[in-house]
Amino acid sequence: MEKKKILSGIQSTGRLTLGNYFGAIDNWVKMQEEYDCYYMIANLHSLTVRNDPETLRQNTIKIIALYIAAGLDPEKNTLFIQSQVKEHAELGWILDCYTYMGELSRMTQFKDKSAKHADNINSGLFTYPVLMAADILAYNADLVPVGDDQKQHLELTRDIAERFNSLYGETFKIPEPYTKKVGARIMGLQNPTAKMSKSSQDPMDKILLTDSPDEIRKKFKKAVTDSENKVKYDPENKPGVSNLMSIYGIIKNKTMDEIEKQFEGQGYGAFKTAVAEAVIERLEPLQNKYNELLENPDKLMAICNKGAKKAEEKANRVLKDVYKKVGLVIE
Ligand code: TYM
């Protein structure tokens, strides 16, 4: 039987955080045996904010290295860069014509991002979820592993696919989101009521996957908690400590009850140290592999070139079908 398909991606704006790791990559690694996986670097999406071109280029390569360092095997997965497969942008345009302004205006990420970038509310920022729909539908992906913040975009993708199918007959598979209960929403360390975001201006709010042990220790030490000094899971009233507990729980594979018991009678100081050490230990092998991989960027590009070739073959078949169905002449 043919394996089910997975597609997911991460933008190459900024450097990846612990949120990207637990919300996305760590789950991808677990899925690589069972599924036919396409993992890309969403660099076209990155253009919705202003980047220094050289930094964008470098970030793209760094993220490929992180994917592999985190455990994605290039032999088992199709790894590529979004801009290498032009079908994404082409399908994106077509799907734009089947998506309503009203739908896009309701996207919470659009509202958040336009508030953050009030001087640059470009139309790419507005139609960004349609390009994401194209990424997914171009491969007829069955499952899309993402963090909580992308679920609304997945819902829209499903609506667009259903709309297209009802107009032109069965064309797209309707994809399912895949999120884990724990890790789907890692919160900021300074503002634990908002997600940890790679675009956050405050470096103390986020743990980067490339942070040194000392930086990690410092950031957890300064993480915002509350004055109760009691390790107890209560996301509503104790969002800071609850977030730290989630992080610790994922790494140590422990329930919140078990963590409460383990740290009973101990203050936040000891708990924060334990969380920091757990994160450092988890990231160490990843960081070593990452540094090693970056020494040979040509090899990384060769992996992406091979992945892009395979991806393009798949996406092109779907795109041709779409062109035909809507009446676009190509040959
Ligand atoms: P991006 O780059 O913002 O985030 C990449 C992935 O990381 C997850 N994530 C988090 N998970 C848990 N806690 C957090 N604090 C956290 N922050 C980020 C996101 O949910 C996501 O899974 N539009 C997408 C990229 C994209 C894409 C796609 C994803 C483009 N095309 C097609 C899936 C399928 C984005 O900006 O993700």
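These figures come from a predicted structure and were not determined experimentally. (Residues numbered from 1 in each chain as written. Predicted model: local features only at pLDDT ≥ 70, side-chain atom pairs only at ≥ 80, totals over all residues. Heavy atoms only, no water.)

**So, empty space enclosed by the protein**
With a probe scaled to a water molecule rolled over the atoms, the places where space remains empty come into view. Scanning all chains against the criterion turns up two cavities of 30 Å³ or more. Each pocket or cavity is described by its volume, and for the largest cavity that value is around 60 Å³. Forming the walls of the largest cavity are Gly14, Arg15, Leu16, Asn59, Lys62, Ile63, Leu66, Thr210 and Tyr290. Per-element accounting of the lining of the largest cavity gives the leading share, four residues, to helix α3 (residues 53–69). Of the residues contributing to the lining of the largest cavity, the split by class is four nonpolar, three polar and two charged. Of the pockets and cavities examined, the second largest cavity occupies roughly 40 Å³. (1 Å grid on protein atoms, 1.4 Å probe; cavity = no way out; pocket = protein on both sides within 12 Å on 5 of 7 lines; lining within 4 Å. Points joined across faces, edges and corners; volume = space filled by probe spheres on them. Helix = DSSP H or I, 4+ residues; strand = E, 2+ residues; numbered from the N terminus. Nonpolar A, V, L, I, M, F, W, Y, C, P; charged D, E, K, R; others polar.)

**Topic: the packing of helix α10 (residues 239–252) against helix α12 (residues 268–294)**
Between two packed helices, what matters for the description is the angle formed by their axes and the separation of those axes. Closest axis-to-axis distance for the α10/α12 pair is 10 Å, and the angle between their directions is 40°. Classified by the angle between their axes, α10 and α12 sit oblique to one another. The handedness of the crossing between α10 and α12 is left-handed. Contacts between α10 and α12 involve Val241, Leu244, Met245, Ile247, Tyr248, Ile251 and Lys252 from the former and Tyr268, Phe271, Lys272, Ala274, Val275, Ala278, Val279, Glu281 and Arg282 from the latter. (Axes fitted to C-alpha atoms, helices over the stretch in contact; angles between N-to-C directions. Parallel < 35°, antiparallel > 145°, perpendicular 65-115°, else oblique. Left-handed = near helix turned anticlockwise from the far one by under 90°. Contact = heavy atoms within 4.5 Å.)

**Overview of the environment of Gln201**
Tracing the backbone shows Gln201 in the loop between β5 (176–178) and α9 (213–221). Overall, the relative accessible area of 76% leaves Gln201 in the exposed class. Between the C-alpha atom of Gln201 and that of Gly265, which follows or precedes it by 64 residues, the distance is 35 Å. (Buried < 20%, exposed > 50% of the residue type's maximum accessible area, 1.4 Å probe, protein only.)

**Thoughts on helix α1 (residues 18–31)**
With 14 residues, α1 should cover 20 Å at 1.5 Å per step; its first-to-last C-alpha distance of 19 Å lies within 8% of that length. The largest bend along α1 measures about 35° and falls at Ala24. Burial analysis of α1 places 13 of its 14 residues in the buried class, which makes it a mostly covered element. For α1, the N-terminal cap is Thr17; the gap from its side-chain oxygen to the backbone nitrogen of Gly19 is 3.0 Å. (Expected span 1.5 Å × (residues − 1). Bend = angle between axes of the 7 residues up to and from the residue. Polar contact = N/O pair within 3.5 Å; in protein donor to acceptor, adjacent residues only side chain to side chain.)

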